[in-house]
Amino acid sequence: MTTLRKMVAVELKLFLREPLTVVFALALPLITLFVLGGVFGNTPEAGFYAGVGAMDFYTPAYIGLVLASIGVISIPAHLAGNRERGVLRRFRASSVPAAVVVGSEVAVSLLIALVSGVVLVACALVMYGAAPPQSAWLLMPAFLLSGLVFATLGAMLGTLLPTARAAQAAGMLLWFVMLFLGGAGPPPEVLTGALGWLRHGVPLTYSVGVLQGPWLGTGWNWADAGILAAIGLAAALVTALRFRWE
Amino acid sequence: MPAVVSVEHLHKAYGPVVAVEDVSFAVEDGEIFGLLGPNGAGKTTIVECLQGLRRADGGTLRVLGLDPQTQGRELRGRVGSQLQESALPDRIRVWEALDLFASLTPGAADWRMLMEQWGLAGKGKASFASLSGGQRQRLFVALALVNEPQVVFLDEMTTGLDPAARRVAWELVEAIRARGTTVVLVTHFMDEAERLCDRLAVVDRGRVVAAGSPPGLIDLHAPQRLVRFSTTAPDCDFLYRVPGVEAVTRRGESVEVAGTGPVLALVAAALVERGIVPADLRAERATLEEVFLRLTSHRAGEEEA
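Residues numbered from 1 in each chain as written. Chains lettered and ligands numbered in written order. Predicted model: local features only at pLDDT ≥ 70, side-chain atom pairs only at ≥ 80, totals over all residues. Heavy atoms only, no water.

### A few points about the overall build of chain B
Stage number 1. Tallying secondary structure elements over chain B gives 10 helices and 13 strands in all.
Stage number 2. Viewed in the frame of its principal axes, chain B has a C-alpha envelope of about 75 × 45 × 45 Å.
Stage number 3. Expressed as a percentage of its 305 residues, the buried residues of chain B come to 50%.
Stage number 4. The contacts of chain B with a sequence gap of at least 6 include a subset with a gap of at least 24, amounting to 66%. (Helix = DSSP H or I, 4+ residues; strand = E, 2+ residues; numbered from the N terminus. Buried < 20%, exposed > 50% of the residue type's maximum accessible area, 1.4 Å probe, protein only. Contact = heavy atoms within 4.5 Å.)

Okay, here's the thing in structure tokens:
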């Protein structure tokens, strides 16, 4: 436990010492808001955005998008990079448990996600006049669940992919696919035919479903939460079984 | 007292490539034991198996009475390790690394003292990336000692260091032994093994081709000594009658006598008897390097072919 605490503290400091990653984590939600918010505005349109304003609809989706970026872009590159450089080898020789290595990654990314999320929500409310969440209490577990699942997915990618480059490329690819299909880019209503089917294959779709429920006041989305949790458990299982130190 | 490390018939292959054919040796408490061999001989595989970082295909291994295969985690908590090709995150600071690794072991050494001891006191806030090769090496040694281990494994610790830094590293190894810690030293440097090791095993192609103390190995495998002196005396062939002398070569005034046993004393006596008293009489004996080349020479020939 002491080791996990220290590892989280060290990882957090390492994150803060890397200026680019800090800028990325803080700027991404703002850029997302600025670009997509500018495109869609916040006027309710018949037949789109489940009948609410685009910004109201998208703010919880952007939270999901930010959680996904931290999970599937940052973690895989970091984990695979540490393995490639022999950092994990060094940890293992001193009997650092694998759970501490992965656990600290997940914990740190949740903390970063929290800050990014707060920045995003504050800007959406203040600058774009989005409606505040209907149930802040239900939003918290939705946030936590989404963050955990994306972090676990990231840990799985970092475990399976051999190099930092491969991990980063795969994470980026997954993130862009999710951006377009997961409900944070084009509104779900325009994704018809094959795309409509495909959108059910990306984890962000379920994360957005879970986050939009409390935000728009439609309650806790049990179906999406269940699927999301199953994805997270599967990823955790693969990570546990396939974790490699070198 | 049982051996601190014992290896019996270790075998390890990576797919079709056999890294360790059949290796046995034992390391006693408190000694510096060397694994000496050319690159690719299987040395690193041996120490990785001993730390449970790799699974042996055959043989019996014991370190501090533990089986590395099944008790690897517990074992790694009790041994120290300086690994080849390992690193720390670039931006981690020296004190943070020590503090983190110390937190793994209840009753770990005071890392502030270790920092002082290993000459890192002024470097506590320096990032790993900013350290020189020698400083990194010292940090790794300090990390290897932070759990107060009974055995440390040092794998190629001086590779890539300049000569001055190597000397310092050697002193570090002797300082570790002086604490009462057993050291298993992996190296391909002959001078390093000869200077530091109490006993060593020469490993080649996954087998132990010789084992013993450095002087013992030299006596056994390269027993010849060379006695050199200069003289104006025209005839030195009488030296062939000295017991143990095998060859006498003369180049101008300098004479070289090759032989085994106590040839220096016997040659000196024979010279004095003839009234020849050279001022520069000296003996040279083979180094571990010659032993090593003799034992592993087939390899160099093959690589050239």
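There's plenty left to go through after this.
### Things to note about the overall build of chain A
Stage number 1. Scanning chain A from terminus to terminus reveals 10 helices and zero strands.
Stage number 2. When the helices and strands of chain A are read in sequence order from the N terminus, they spell out α-α-α-α-α-α-α-α-α-α.
Stage number 3. In terms of overall dimensions, chain A has a C-alpha envelope of 60 × 35 × 30 Å along the principal axes.
Stage number 4. By the burial criterion, 52% of the 246 residues in chain A qualify as buried.
Stage number 5. Nonlocal contacts in chain A, meaning residues at least 24 apart in sequence, comprise 79% of its contacts between residues at least 6 apart.
Stage number 6. When the accessible surface of chain A is totalled, it reaches about 10,500 Å², and 75% of it is carbon and sulfur.
Stage number 7. The centroid of the 13 positive side-chain charges in chain A is displaced by 18 Å from the centroid of its 9 negative side-chain charges. (Areas by Shrake-Rupley, 256 points an atom, 1.4 Å probe, with all protein chains shown as cover. Lys, Arg positive; Asp, Glu negative; His and termini not counted. Charge placed at Lys NZ, Arg CZ, Asp CG, Glu CD.)

### What about the nonpolar core?
Stage number 1. Counting 72 residues, the largest nonpolar core has Phe91(A), Leu88(B), Trp118(B), Leu139(B), Leu185(B) and Leu288(B) as the members making the most contacts within it.
Stage number 2. Leaving out residues up to four positions away in the same chain, Leu88(B) has contacts with Arg85(A), Val87(A), Arg90(A), Ala97(B), Phe101(B), Phe128(B), Leu139(B), Phe140(B) and Leu143(B).
Stage number 3. Judged by nonpolar contacts, the second largest core, of 54 residues, contains Val22(A), Leu153(A), Val210(A) and Leu211(A). (Core = buried A, V, L, I, M, F, W, Y, C linked by side-chain atoms within 4.5 Å.)

### Describing the packing of aromatic side chains
Any pair of aromatic rings gets described here by the distance separating the centres and the angle formed by the planes.
Stage number 1. Under the counting rule described, the total for this entry stands at nine aromatic pairs over all chains.
Stage number 2. Ring geometry for Phe57(A) against Tyr58(A): centres 5.3 Å apart, planes inclined by 85 degrees, an arrangement best described as edge-to-face.
Stage number 3. In this structure Phe57(A) comes out as buried when scored by relative accessible area, which is 5%.
Stage number 4. A ring pair is formed by Phe91(A) and Phe101(B), whose centres lie 5.9 Å apart and whose planes are at 40 degrees; its orientation type is tilted. (Phe/Tyr/Trp six-rings, centres within 6.5 Å; stacked < 30°, edge-to-face > 60°.)

### Section: the layout of surface pockets
Residue and element names in this part refer to chain A.
Stage number 1. Of the voids in this model, the largest pocket is the one considered here, and its volume is about 870 Å³.
Stage number 2. Around the largest pocket, the lining comprises 29 residues; the ones closest to its centre are Glu18, Thr21, Ser74, Ala77 and His78.
Stage number 3. Those elements that provide at least two residues to the lining of the largest pocket are helix 1 (2-16), helix 2 (19-40), helix 3 (54-85), helix 5 (98-128) and helix 7 (164-181).
Stage number 4. At 10 residues, helix 3 tops the list of elements feeding residues into the lining of the largest pocket.
Stage number 5. Looking at the lining of the largest pocket, its residues break down into 14 nonpolar, eight polar and seven charged. (1 Å grid on protein atoms, 1.4 Å probe; cavity = no way out; pocket = protein on both sides within 12 Å on 5 of 7 lines; lining within 4 Å. Points joined across faces, edges and corners; volume = space filled by probe spheres on them. Nonpolar A, V, L, I, M, F, W, Y, C, P; charged D, E, K, R; others polar.)

### Thoughts on the environment of Gly72(B)
All names here are of chain B.
Stage number 1. One can find Gly72 in helix 2 (residues 72-78).
Stage number 2. Separated by 70 residues in the primary sequence, Gly72 and Pro2 have C-alpha atoms spaced 20 Å apart.
Stage number 3. Aside from chain neighbours lying at most four places away, what touches Gly72 is Gln51 and Asp67.

### Some thoughts on the side chain of Glu11(A)
Stage number 1. Take Glu11(A): it is sitting in helix 1.
Stage number 2. In this structure, Glu11(A) is buried with no salt-bridge partner, the nearest side chain bearing the opposite charge being Arg17(A) at 10 Å. (Salt bridge = Lys/Arg side-chain N within 4 Å of Asp/Glu carboxyl O.)

### Observations regarding unusual backbone geometry
Residue and element names in this part refer to chain B.
Stage number 1. At Glu148, a residue that is not glycine, the phi angle is positive and equals roughly 50 degrees.
Stage number 2. Assignment of secondary structure puts Glu148 in the loop between helix 5 (133-145) and strand 6 (151-155).
Stage number 3. Look at Glu148 and you get partly exposed, because its relative accessible area is 44%.
Stage number 4. With a phi close to 50 degrees, Glu156 is a non-glycine residue in the positive phi region.
Stage number 5. Positionally, Glu156 belongs in the loop between strand 6 and helix 6 (163-178).

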